[in-house]
Amino acid sequence: MVELIVFVVGAVVALGGAVAVVVARNPVYSALGLLATLFSLGVFYVVHLAHMVAAVQIIVYAGAVMTLFLFVIMMIGVDRSEDTSETIPRHRIYLAVLAVGLLAVAGAAATGGRFSWVPAAVEGAETPNGTVQALAERLFTDWVLAFEVTALLLTIAAAGAIALAYFRREPVTEGDDR
Amino acid sequence: MTVTAGWYMTLAALLFGVGLVGIFLRRNALVMFMCIELMLNAVNLTFVAAGRAIGDLEGQVAVFFVLVVAAAEVVVGLAIIVAVFRQRASASVDELAELKG
């Protein structure tokens, strides 16, 4: 019963935030909508006993990533004059068909009550307790190579970001045919 | 009424759909980027829900790696957006046609 209430409240906040990301004119409001979605997903992770993932979700996503987003939004200015005309003919219609199709699939799954999407689902399976220790045991035994590669990936990403931001070219001026 | 994994997967499908619509609808590169983050998070939710249904911790390990890759992607992507903005003074993806032959 408690989980049902948490699910309904969290789902409403998550979907509201997601819709806000798409419809908000001001990118800052989009960022705040995404923040609401990320927080409610963090709540769902706690419900699933994924404590470590929930903590990382709040610290990395809601903390670092969203701060970076807001930083860049403030840096390049809030641009409200976004052109919303259709450059590809009838692309809104195709998009509406796609969205309605996705909604139909999700709705059919929800009302049909057939939630056998997870093939290996075990009836009454014990919820894995995602503590730091349990996760670390997996990460540093079965997944140690992938873990080390992600460390390399983060280093490369940081170096790439610095390179992109540090070396600046002169802006291309009119009549300049380089 | 128990909340099964399917409920969370339905919610994740809806979040993914909203993110997809946002990518096609918006022109602002930053907002499109946020929609990608939304879709990544929707997938993360299915990983955790599926891991719980199976009774295995692997789902949460997968979320961990998705998170790291998403963080790296955000760093590089935002650096590219800033670099483009310096040249063109715009964050609209419609104006980017330098690679056009």
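Here the structure is a predicted model, which means the values were calculated and not measured.

Bringing the overall build of chain A into the picture now. The secondary structure content of chain A amounts to six helices and zero strands. Relative to its full complement of 178 residues, chain A shows a buried share of 29%. Of the contacts made within chain A by residues no fewer than 6 positions apart, 57% connect residues no fewer than 24 positions apart. Here chain A displays about 11000 Å² of accessible surface, and carbon together with sulfur accounts for 70% of that area.

Trans is the common state for peptide bonds, and a negative phi is the common state for residues other than glycine. All names here are of chain A. A positive phi angle, near 60°, is found at L49, a position not held by glycine. By secondary structure assignment, the location of L49 is in the loop between α2 (27-47) and α3 (51-76). Residue class for L49 comes out partly exposed when judged on its relative accessible area of 30%.

This next bit is on the confidence of the model for chain B. Residues and elements named next belong to chain B. Summing up the model confidence of chain B, the mean pLDDT is 86 and the portion of residues at 70 or higher is 94%. Per-residue pLDDT, averaged within each element of chain B, yields its smallest value for helix α1 (residues 5-25) (87) and its largest for helix α2 (residues 29-54) (90). On the interface metric, ipTM, the complex scores 0.89, and its pTM is 0.85.

Across the boundary between the two partners, chain A contributes 86 residues, which contact 68 residues of chain B. Summing both sides of the interface, chain A and chain B together bury roughly 7200 Å²; the carbon and sulfur share of this comes to 75%. For chain A, the biggest contributors to the area lost against chain B are H48(A), F69(A) and I76(A); these three give 9% of the whole. The interface formed by chain A and chain B holds three salt bridges in total. A salt bridge links D56(B) to R138(A); the shortest N-O distance between them is 3.3 Å.

So, on to the side chain of Q57(A). Relative to the helices and strands, Q57(A) resides in helix α3. Look at Q57(A) and you get buried, because its relative accessible area is 0%. Residues within four places of Q57(A) in sequence aside, it is in contact with L38(A), L41(A), G42(A), Y45(A), A62(A) and N41(B).

Right, let's get into the pattern of salt bridges. Between side chains of opposite charge, a pair can form as their charged atoms come close. If you walk through the whole model with that rule in mind, you get three salt bridges over all chains. Linking E3(A) and R52(B) is a salt bridge whose minimum nitrogen-to-oxygen distance equals 3.0 Å. Remark: R52(B) occurs in helix α2 and E3(A) occurs in helix α1 (residues 2-23); the pair is interchain, linking two chains.

So, on to the packing of aromatic side chains. For any pair of aromatic rings, the description rests on two quantities: the centre-to-centre distance and the angle between the ring planes. In total, this model carries eight aromatic pairs over all chains according to the counting rule given. Ring geometry for F7(A) versus W7(B): centroids 5.5 Å apart, planes at 70°, classification edge-to-face. A residue pair is termed interchain when its members come from two chains, as with F7(A) in helix α1 and W7(B) in helix α1. The structure contains a cluster of three or more aromatic residues connected by ring pairs, namely F7(A), F44(A), W7(B) and Y8(B).

Core analysis: the biggest nonpolar cluster contains 58 residues, and Y45(A), F69(A), L30(B), L45(B) and L78(B) have the highest contact counts within it. Residue assignment for this core shows that the elements contributing at least two residues are α1, α2, α3 and α5 (132-139) of chain A together with α1, α2 and α3 (58-88) of chain B. With sequence-adjacent residues up to four places away left out, L30(B) is seen in contact with F69(A), V72(A), I73(A), I76(A), L78(B) and I81(B).

Further remarks concern the environment of M66(A). Residues and elements named next belong to chain A. By secondary structure assignment, the location of M66 is in helix α3. Each C-alpha atom, one on M66 and one on L35, is 7.1 Å from the other, the two residues being 31 residues apart in sequence. Discounting chain neighbours no more than four positions away, the residues touching M66 are A31, L34, L35, L38 and Y61.

Turning our attention to the side chain of N41(B). Take N41(B): it is sitting in helix α2. Assessed through its relative accessible area of 1%, N41(B) is described here as buried. With near-sequence residues (within four places) excluded, N41(B) lies in contact with L38(A), L41(A), Y45(A), Q57(A) and Y61(A).

Another point: the packing of α1(A) against α2(A). Residues and elements named next belong to chain A. Where α1 contacts α2, the two axes come as close as 7 Å, and the packing angle between them is 155°. Considering the angle they form, α1 stands roughly antiparallel to α2. Viewed along their axes, α1 and α2 form a crossing whose handedness is left-handed. Between α1 and α2, the contacting residues are E3, V6, F7, G10, A11, V13, A14, G17, A18, A20 and V21 on the first element and S30, G33, L34, A36, T37, S40, V43, F44 and V47 on the second.

Criteria and cut-off values
Per-chain numbering applies: the sequence of each chain, read as written, is numbered from 1 onward. To label them, take the chains in the order written and letter them from A, then take the ligands in the order written and number them from 1. Selection of residues for local features in this predicted model requires a pLDDT of at least 70, selection of side-chain atom pairs for listing and counting requires 80 or more, and totals for whole chains, interfaces and linings are taken over all residues. No hydrogens and no water enter the side-chain calculation; it runs on all heavy atoms of the structure. Each helix is a run of H or I in the DSSP string that is no shorter than four residues. Each strand is a run of E no shorter than two, and both are numbered from the N terminus. Note on classification: 1.4 Å probe, protein chains only; a residue is buried when its accessible area is under 20% of the maximum for its type, exposed when over 50%, partly exposed between these limits. We call two residues in contact whenever any of their non-hydrogen atoms come within 4.5 Å of each other. Each accessible area is a Shrake-Rupley result for a 1.4 Å probe, and residues are judged covered by the shown protein chains and nothing else. Each residue carries a pLDDT value, the predictor's own confidence for that position, ranging from 0 to 100. Take the accessible area each of two parts loses on contact, using a 1.4 Å probe, and add the two losses: that sum is the buried area. The rule for a salt bridge is simple: a side-chain nitrogen of Lys or Arg has to be within 4 Å of a carboxyl oxygen of Asp or Glu. When the centres of two rings from Phe, Tyr and Trp lie within 6.5 Å, Trp using its six-membered ring, the rings pair. Their planes under 30 degrees apart give stacked, over 60 give edge-to-face, and anything left gives tilted. In plain words, nonpolar cores are sets of buried Ala, Val, Leu, Ile, Met, Phe, Trp, Tyr and Cys residues tied together by side-chain atoms within 4.5 Å. Geometry is summarised by axes, namely lines fitted to C-alpha atoms with helices restricted to the contacting stretch, and by angles between N-to-C directions that run from 0 to 180 degrees. Relative orientations are named as follows: roughly parallel for angles under 35 degrees, roughly antiparallel for angles over 145 degrees, roughly perpendicular for angles from 65 to 115 degrees, and oblique for any other angle. Crossing handedness: left-handed means the near helix sits turned counterclockwise from the far one by under a right angle, and right-handed means the same turn made clockwise.

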